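These are the residues of each chain, in order.
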Amino acid sequence: MGHKLDQSFEKALAYIDTHIAVPLDIDSLASIAELPASHFQNLFYSLYRLSIEDYVELLKSLQAAHQLGFGEQISLEAIAINLGYNNEADFVGSFTHSIGQTPQSFRQAPDWNNFFTKQQPLKTFQSPQDGMFSADVEIVSMDALTLASVTHNGPEKTVPKTIERFIQWRKKYSVGPSVGRTFNLVHSLPQAQLYHMDIGVSLDEETRLRLASTGLIQEGVETKVIAEGRYAKLAVKTDEQHPHINTVLHAGVDYLYRIWLNEHPYSLRNSPLMFERLNIGGVAEPGVELQQSVDIFLPLQ
């Protein structure tokens, strides 16, 4: 079973093939593929099972492997320059990570079985398969919302620190769960080196005015607007079989991008994927783990 976006990505991949040494630009690739830039990386990962950055690094390494493995007398420095690396050390590190051998080792004794295995992501899309669950998706309309938010743009492992900083701000200015809805605006994949996500709370007019002269201009908190429009909404929650919310969220996003979008006549809007955390601040009974519920919103044209 193919995916309706196959041809769109083929255009972008053809461009990468002929511009392998050019710095990666997501907006340009999304434009070539005629896909919204907000979703390009998420779609790519969902279909190929690797990030666009890892794809390009793998493609570079495979090209280098052909030169190293077939007796071409070319220096590592020259290969690095031809493939657009900053220096030889960057090339050696990338090649070793992608191929599993250093360039020097590959030149002396190439592991061709591993080499051909590494090429599989370049040959075909991952076929959509049933993941953790099948689910009903609801098409909803949302009015514009103003958020007070902080931005996380770093490793995924440091997200809890950003969340804790925002929680302390909410406590300081009395913007608890009963005051506004809690959203995450997802701009890049957790698998990316820099995970870009906004963490925010919706503000009604009264709260916005209360904070205007104090809390909104301090501690890295700024206002953002969620655009009004149509969304595909998927509700997910933890349970005994799947107790970790991040695992459930990843499965839900995967379902929307790989399966639901392929089976329905909708196009994506250039606005970020969103999570709404529904039971922030909830308290479970003693000895009972709190069930977490999140609505995933996929923006549609």
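We now turn to the structure provided with this report.

Conventions adopted
- Residues numbered from 1 in each chain as written.
- Predicted model: local features only at pLDDT ≥ 70, side-chain atom pairs only at ≥ 80, totals over all residues.
- Heavy atoms only, no water.
- Helix = DSSP H or I, 4+ residues; strand = E, 2+ residues; numbered from the N terminus.
- Buried < 20%, exposed > 50% of the residue type's maximum accessible area, 1.4 Å probe, protein only.
- Contact = heavy atoms within 4.5 Å.
- Areas by Shrake-Rupley, 256 points an atom, 1.4 Å probe, with all protein chains shown as cover.
- Phe/Tyr/Trp six-rings, centres within 6.5 Å; stacked < 30°, edge-to-face > 60°.
- Lys NZ or Arg CZ within 6 Å of the ring centre and 35° of its normal.
- Axes fitted to C-alpha atoms, helices over the stretch in contact; angles between N-to-C directions.
- Parallel < 35°, antiparallel > 145°, perpendicular 65-115°, else oblique.
- Left-handed = near helix turned anticlockwise from the far one by under 90°.
- Nonpolar A, V, L, I, M, F, W, Y, C, P; charged D, E, K, R; others polar.
- Salt bridge = Lys/Arg side-chain N within 4 Å of Asp/Glu carboxyl O.

1. Examining the overall build of the chain
Piece 1. Broken down by element type, the chain carries 12 helices and eight strands.
Piece 2. For the chain, the residues scored as buried account for 46% of the 301 residues in total.
Piece 3. Sequence-distant contacts, at least 24 apart, represent 71% of the contacts inside the chain between residues at least 6 apart.
Piece 4. Of the roughly 15,600 Å² of accessible surface on the chain, a fraction of 49% belongs to carbon and sulfur atoms.

2. Structural notes on the packing of aromatic side chains
Piece 1. Inspection of every chain in the model, using the stated rule, returns 16 aromatic pairs.
Piece 2. Aromatic pair Phe166 and Trp169: ring centres 5.6 Å apart, planes at 10°, arrangement stacked. Pair noted here: Phe166 and Trp169 are both in helix 10 (residues 159-172), with a separation of three residues, about one helical turn. Of the two residues examined, Phe166 and Trp169, each falls in the buried class.
Piece 3. Put simply, the rings of Phe70, Tyr85, Phe91, Phe95, Phe106 and Trp112 pair up and form one aromatic cluster.
Piece 4. The residue whose ring lies beneath Lys60 is Tyr85, and the NZ or CZ to ring-centre distance is 4.6 Å.

3. So, the packing of helix 1 (residues 6-18) against helix 2 (residues 26-33)
Piece 1. Where helix 1 contacts helix 2, the two axes come as close as 7 Å, and the packing angle between them is 130°. Taken together, the axes of helix 1 and helix 2 are oblique relative to one another. Where helix 1 crosses over helix 2, the handedness of that crossing is right-handed. Two secondary-structure elements touch here, helix 1 through Ser8, Lys11, Ala12, Tyr15 and Ile16 and helix 2 through Leu29, Ile32 and Ala33.
Piece 2. Taken together, the residues of the contact of helix 1 with helix 2 sort by class into six nonpolar, one polar and one charged.

4. Comments concerning the pattern of salt bridges
Piece 1. Applying the stated criterion across every chain yields a total of nine salt bridges.
Piece 2. Of the charged contacts in the structure, one is a salt bridge between Arg181 and Glu276, with a shortest N-O distance of 2.8 Å. Of this pair, Arg181 sits in the loop between helix 10 and strand 3 (182-186) while Glu276 sits in strand 7 (residues 273-277); the two residues are 95 residues apart in sequence, bridging distant segments of the chain.
Piece 3. On the accessibility criterion, Arg181 (34% relative accessible area) is partly exposed.
Piece 4. On the basis of relative accessibility, which here comes to 7%, the residue Glu276 falls in the buried class.

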